[in-house]
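Geometric and topological summary
Chain residues, written in single-letter form:
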Amino acid sequence: MEDGTRPVSQPVVAVVGGGYAGMAAAVALAEAGVTVCVYEAAPELGGRARRVTHRSTVLDNGLHIGIGAYSSLLAIGQRVRRAAGLPGDGWQRRPLEWHVHGGLQMRAPRLPAPLHLAAALAGARGLPFGARADAVRLMLALRQSGYRLDVDTTVQAFLAAHRQRPPIVESLWAPLCVAALNTPPERASAQVFANVLRDSLGAARGDSDLLLPAADLSALFPDPAAVQVEAMGGAVHRGHRVERIEPAGDGWRLLFGQQRSPPAGPFAGVVLAVAPRALAELTAGWPALQAVHACVAAYAHEPITSVYLQYPAPVALPHPMTGFMHGPGQWVFDRGALAGQPGLLGVVISASTAQRSLDAATLAAEVHRQLCGLLPGLPVPSWTKVITERQATFACVPGMQRPSTLTELPGIVLAGDHVASDYPATLEGAVRSGLRAAEALLGHLRPDRG
Ligand SMILES: Cc1cc2nc3c(=O)[nH]c(=O)nc-3n(C[C@H](O)[C@H](O)[C@H](O)COP(=O)(O)OP(=O)(O)OC[C@H]3O[C@@H](n4cnc5c(N)ncnc54)[C@H](O)[C@@H]3O)c2cc1C
């Protein structure tokens, strides 16, 4: 099944894009007995969550965290990792804790929800009692409304309407909003923020656990997913950029830019699991996807910058993840404690528009200075690496229109973190969209299945 061209007795489908969404779709289809060919433009799988090697050190294109509520990612991750002989789900799980240098310190005890949150706030340091009471009041109001807003608005306006005072906004809600939606409170959707609160702080205790990657982001899920797809008779083609998709009989054929790759297909179905801009390019001449193009054209994007600094091996953080009250860095991760890379610190700057004008060396020097405030006497790093993803996520603004999984074209379905759901652009959103795309395609391939 090298190029998907020979006749087969079972359906053969293509997945375009080997990010978390595409690989989740591919695994689900393979598990349902469909032969799957994945085409990924880059040499590595993972898309916006992938391994990057720098000076023979394995990094990620961006520092990622998850929460216990990432149920679909955890389940499929565990399945494919087990099949590949890898332990666990690839994440280090820690009870909800919040350590901000010079600010809020809180840790949820192992109590059933919502007592764990109440106890965490009751015992929190670095916040006056009134501010903690504000947070409890907001969570109770949200719970009472079923986490539904009558009208979507910005997080900033929503917090003001619920009389949340500056200390709790600055210490908890604003950093949480930026971390979860990668959009500042003045632009972010309050409804999507409420959805995140519903599934984390407002849900079962384990759902608000923090998940920190214990492997690089390609090794975490996409690589073992590829092993699983191939073990089930499919193929995963890295370095294959799909340039065009055209009808072929009852199905579809894929064309590649590279001379060396002949067209592939026909495929009975295609999962388009590429990010919004690539989707618009790939389907530009398709009038049937006009509504999709209109959604995608309206998206704005937010950048995320990651700054890695290699210090001598004994350098370590008091907590594997520590926040900052003031920039440029928002959170620093101890890759020694998390991924067995002693002395390597990774600093994340979400919605990093303000850093756009700084060159990499200046930004790294500023972040180093910031870290010296946390770890006095820190030596100069032996190297630094700055990675900015300019279109890390869509800007998650109020009332966004997002395309649905099904399209007007038979056998063409969409996957990706941008596809309609109540989640922001996250790994979990991407995986869920992939699973929905697989389900929709199975409905097309086997309309009589119960
Ligand atoms: C720096 C950064 C930090 C983040 N932090 C977090 C976090 O902490 N927690 C969290 O949950 N989420 C986080 N996210 C968001 C998360 O990474 C994304 O939501 C998720 O990876 C999106 O997956 P996807 O499969 O939908 O899209 P993508 O990962 O974009 O996958 C699309 C794939 O399609 C491929 N492709 C495009 N065009 C073609 C073509 N023509 N032919 C073949 N292949 C093609 C691309 O190369 C890519 O691999 C972060 C993102 C970034 C960038």
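Calculation rules
Each chain has its residues counted from 1, running along the sequence as written. Residues qualify for local features only when their pLDDT is at least 70, as the model is predicted, and side-chain atom pairs are given and counted only at 80 or more; totals for whole chains, interfaces and linings, by contrast, use all residues. Strands were regarded as paired on the criterion that DSSP finds at least two bridges between them. Counting from the N terminus, the helices are DSSP H or I runs at least four residues long and the strands are E runs at least two residues long. Multiply 1.5 Å by the residue count of a helix minus one, and that product is the helix's expected span. Using C-beta atoms placed from the backbone, we call a residue buried if 20 or more other C-beta atoms fall within 10 Å of its own, exposed if 12 or fewer do, and partly exposed for counts in between. Residue pairs are scored as contacts if the distance between their C-beta atoms, which are placed from the backbone, is within 7 Å. For this entry, the nonpolar core is defined as buried Ala, Val, Leu, Ile, Met, Phe, Trp, Tyr and Cys residues connected by C-beta atoms within 7 Å. Near residues are defined by distance alone, with the backbone-placed C-beta atom required to lie within 6 Å of the molecule or strand. By the convention adopted, Pro, Cys, Tyr, Trp, Phe, Met, Ile, Leu, Val and Ala count as nonpolar, Lys, Arg, Asp and Glu as charged, and the other residues, Gly among them, as polar. An automatic or database domain assignment provides the domain bounds reported here. An axis is simply a line fitted to the C-alpha atoms; with a helix, the fit covers only the stretch in contact. Between two such axes, the angle follows the N-to-C directions and lies from 0 to 180 degrees. Each crossing gets its hand from how the near helix is turned against the far one by less than a right angle, where anticlockwise is left-handed and clockwise is right-handed.

**Brief notes about the sheet that holds strand β6 (residues 91-94)**
Paired through backbone hydrogen bonds, the strands of a sheet run either parallel or antiparallel to each other. Taken together, three strands build an open sheet; the order of strands is β5-β9-β6 and the sheet is antiparallel. In the strand order of this sheet, the two ends are held by β5 (66-67) and β6, each with one partner.

**Examining helix α2 (residues 71-83)**
Look at α2: 18 Å from first C-alpha to last across 13 residues, which is about the 18 Å you get at 1.5 Å a residue. For α2, the full list of buried residues reads Leu73, Leu74, Ile76, Gly77, Val80 and Arg81. On its buried face, α2 sits against α1 (20-31), β5, α8 (217-220), α9 (222-231) and α14 (427-445). Gly85, located one to two residues past α2, shows a positive phi value of around 75 degrees.

**Quick notes on the nonpolar core**
Across soluble globular proteins, you tend to see nonpolar side chains buried next to one another. Grouped together as the largest cluster of nonpolar side chains are 144 residues, with contacts concentrated most on Val13, Ala25, Ala26 and Val271. Residue contributions to this core peak at 10 residues, all from α1. For Val13, the contacting residues outside a window of four places in its chain are Leu29, Val34, Val36, Phe267, Ala268, Gly269, Val270, Val271 and Leu441.

**A look at the pairing of strand β15 (residues 301-310)**
Summarising burial for β15: eight of the 10 residues are buried, a large majority. Here seven bridges tie β15 to strand β18 (residues 344-350), and the two strands are oriented antiparallel to one another. Directly across from Val307, in β18, lies its bridge partner Val347.

**Details of the site of the ligand**
Near the ligand, the surroundings consist of 38 residues, among which Gly17, Gly19, Gly47, Gly62 and Thr426 are the closest. Among the secondary structure elements, those contributing two or more residues to the shell around the ligand are α1, α10 (276-282), β15, β19 (383-394) and α14. A class-by-class count of the residues in the shell around the ligand yields 19 nonpolar, 13 polar and six charged. Residue-level mapping places the shell around the ligand at the junction of two domains, with at least three residues from each of domain 1 (12-50 + 68-82 + 215-299 + 398-445) and domain 3 (301-394).

**Examining the sheet that holds strand β8 (residues 105-107)**
Read from one edge to the other, the open sheet built from seven strands follows the order β8-β7-β16-β17-β18-β15-β19, with strand pairing classed as mixed. Single-partner strands in this sheet number two, and they are β8 and β19. When the angles between neighbouring strand axes are averaged without regard to direction, this sheet yields 25 degrees. Looking at chain direction, strand β7 (residues 97-101) and strand β16 (residues 321-324) are connected through two bridges and run parallel. Note that in β16 the partner of His101 across the bridge is Phe324.

**Some thoughts on the packing of α2 against α9**
Helix packing for two helices is described by the angle between their axes and how far apart those axes are. Remark: α2 packs on α9, axes separated minimally by 8 Å, with the N-to-C direction vectors making an angle of 65 degrees. When the axes of α2 and α9 are compared, the crossing they make is left-handed. Across the interface between the two elements, Val80, Arg81 and Ala83 of α2 pack against Pro224, Ala225, Gln228 and Ala231 of α9. By residue class, the composition of the contact of α2 with α9 is five nonpolar, one polar and one charged.

**Concerning the domain arrangement of the protein**
By the assigned domains, the protein splits into domain 1 (12-50 + 68-82 + 215-299 + 398-445), domain 2 (96-208) and domain 3 (301-394). Between the C-alpha centres of domain 1 and domain 2 the distance comes to 33 Å. Opposite the nine residues of domain 1 that make contact, domain 2 presents 17 residues. When its residues are assigned to classes, the side of domain 1 that touches domain 2 shows six nonpolar, two polar and one charged.

**Describing unusual backbone geometry**
Omega for the bond connecting Gly265 with Pro266 falls within 30 degrees of zero, at 5 degrees, which places this linkage in the cis form. Along the polypeptide, Pro266 turns up in strand β13 (residues 264-267). Residue Gly327 is joined to Pro328 through a cis peptide bond whose omega torsion reads 5 degrees. The phi torsion at Arg55 lies on the positive side, around 50 degrees, for a residue other than glycine. Residue placement: Arg55 occurs in the loop between β3 (51-54) and β4 (57-60). Residue Arg55 is classed as exposed on the basis of its C-beta count, with 9 C-beta atoms lying within 10 Å. You will see that Arg163, though not glycine, has its phi angle at about 50 degrees, which is positive. Among the structural elements, Arg163 can be located in the loop between α5 (155-161) and α6 (166-181). With 9 C-beta atoms counted inside 10 Å, the residue Arg163 sits in the exposed group.

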